[in-house]
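# Architecture and fold: a report
Listed below, chain by chain, are the residues.
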Amino acid sequence: MKVSKLNIIVFIGLIAITGVLTMQLVMLKEAFMFERKEFAEKIHFALQDVVDKIYSDNKSELPATSPIKKVSDDYYVVNVDDVFEADILEYYLKSEFEKVKLELDYEYAIYDCASDEMVYGNYINAGGESKDENARCEKCFTKKEGLIYYFAVRFPQLRYNYIASLQQYWIYTGVLFLVLVIYVYSVFMLLKQKKYSELQKDFINNMTHEFKTPLSSILIASNYAVKQEEIENNPKLNKYLKIIIEQSNKLNQHIERILNVAKADTRLMQLDKQEINLTETLELVKENAAMKYPHAAISLNTPDNNIPILADAFHLYNITYNIVENAVKYGSNSPQVAIAVIKKEKGLEVLFTDNGPGIPPAHIDYVFDRFYRVPRENKKEVEGFGIGLFYVKKICELHGWKISIKNNPDAGITISITIPKSSLA
C-alpha cells in the first residue's frame, strides 16, 4: 500500500505532540510527588518540634521511636505519652507550622482518658486564626487503640494545595492537551478534505471526458455539414450550423478551462517553461481578440519587439486572452482595451486597462476566488462559471508571478501582472 507524504507528516506530528504531552504528564507526576514529599516533611518536622517542646516542658526523655504516625497524607496521630495542656499544644502547633512556613489550614483534637473520646480542639486557617463552626469536622477524628496521651492533626485543604501549587504544570498540560485535540481534529479535517478533493478531481475528469466525447462528434459533424453545397446554398441552415459550431467551441473552451483549474487546484499541472517572446504572445492575443470582437478597440504598447521571458506559452496565452476577453465582454458598448508592458528594476509589469463600468468595491477583493461572479445590473444572467480569473491567478502563482486588480479613477479596471527578474530569459 502506498503511503503518501501527507500521511507520513501527520504520523510524525502526532507522535511528536503525543511524546511531548507524555513527557509533560510524567513531569506533572514527578512534581506532584515532590510537592507531596515536601509537605509531608514540613508537617513531620513541625510536629516533631512540638513533641520536643512538650517533653522538654515535662522534663521527660524523648522516646527511642518516632511518636508521629502518618495515617494518611492529611491526617497525623502524635503519641506524647505524657500529660499536656490544650492551649499550650495549640500555641506550639501555630509557632512550629509558621517556622516551616506551612501555609495550610489545620484542625486538631486531643484524646480524653476520662470520656474515652477524641475532644475537638480548634480549626486554624493558614493565617493562624480560628475559623467559624461550619468549617469544623469533629467526626473526622477517631480514636487510636493502644494510646493514652496523644493528639491528632488533620489538614482538610491539603489536596487542594497540591493542585494549587502545581498550577503552572496543569496549565502547560492543559495547553498541550488542547493542542493535541486541535491537531487531531485538523488532521481529521485535512484527510477528509483530501478525500473530497480526490473525489472532486475524479468527478471533474470523468465529467469533462463524458462531455468532450460527444462534443467532438458534434463539431466534426457540424464542420463537415457546413461545407456541403446544400447547406451553403441555404442561408437559414448555414446560419444554424454556424451557431452550433460557435456554441460548441465555446462549450469546449469552458470544459478545457475546468480541466485546467482542476489540475492547478490539485497541483497536478506541470508547466512547460520555455524561452518565449512576450511581445509576440501579446500581439497574437490582440489579433485574435480583434478578429473575434471587431467592435472592440484593442491596443498594445511594449518597450521592445523582443521581450524574452521563461513561461509556459500555452497557459500564458490563455490567461492574457482571458483577461482581454473579459474586458471586452463586460465592458462598455464601445470597449477599449489597452495592453502595456513596463520595464522596472525588479522585472516587468504587464497592464490590462479597459474603459468598462468597473467593479464595485465590495466585490473587487473576491474576483480571483473560485466560482465567484460579479453581479452586473445590465446583464439578465451572469455569463461563465466564475473560474476564468481564478485560473488566471493560479497560473500566475505557478509561475511565481503576482497579479492584482484595481478600479481606475475615471472608468474601467486595471489588471496588473508582475513578472520578477527570475522569470526573465
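Residues numbered from 1 in each chain as written. Predicted model: local features only at pLDDT ≥ 70, side-chain atom pairs only at ≥ 80, totals over all residues. Heavy atoms only, no water.

Before going further, it helps to examine the packing of aromatic side chains. Enumeration over the complete set of coordinates arrives at 10 aromatic pairs. Measuring from ring centre to ring centre gives 4.8 Å for Phe97 and Tyr106, while their planes differ by 75°; the resulting arrangement is edge-to-face. Here Phe97 matches Tyr106 in class, with each residue buried. Counting every residue linked through ring pairs, the aromatic cluster contains Tyr76, Phe97, Tyr106 and Phe155. (Phe/Tyr/Trp six-rings, centres within 6.5 Å; stacked < 30°, edge-to-face > 60°. Buried < 20%, exposed > 50% of the residue type's maximum accessible area, 1.4 Å probe, protein only.)

Here we come to the pairing of strand E10 (residues 347-354). Put simply, side chains in a regular strand alternate between the two faces of the sheet. Counting buried positions along E10 yields 7 of 8 residues, so the element is predominantly enclosed. In terms of strand pairing, strand E9 (residues 336-344) meets E10 through 8 bridges, oriented antiparallel. Residue pairing in the sheet places Ile342 in a bridge with Glu349 of E10. (Helix = DSSP H or I, 4+ residues; strand = E, 2+ residues; numbered from the N terminus. Pairing = 2+ DSSP bridges.)

Here the focus is the pattern of salt bridges. As enumerated under the stated definition, the model contains 8 salt bridges in all. For Glu90, the salt bridge goes to Lys94, with nearest N and O atoms at 3.4 Å. Remark: Lys94 and Glu90 occur in helix H2 (residues 86-99); sequence separation between them is 4 residues, near one turn of the helix. With a relative accessible area of 26%, Lys94 lands in the partly exposed category. (Salt bridge = Lys/Arg side-chain N within 4 Å of Asp/Glu carboxyl O.)

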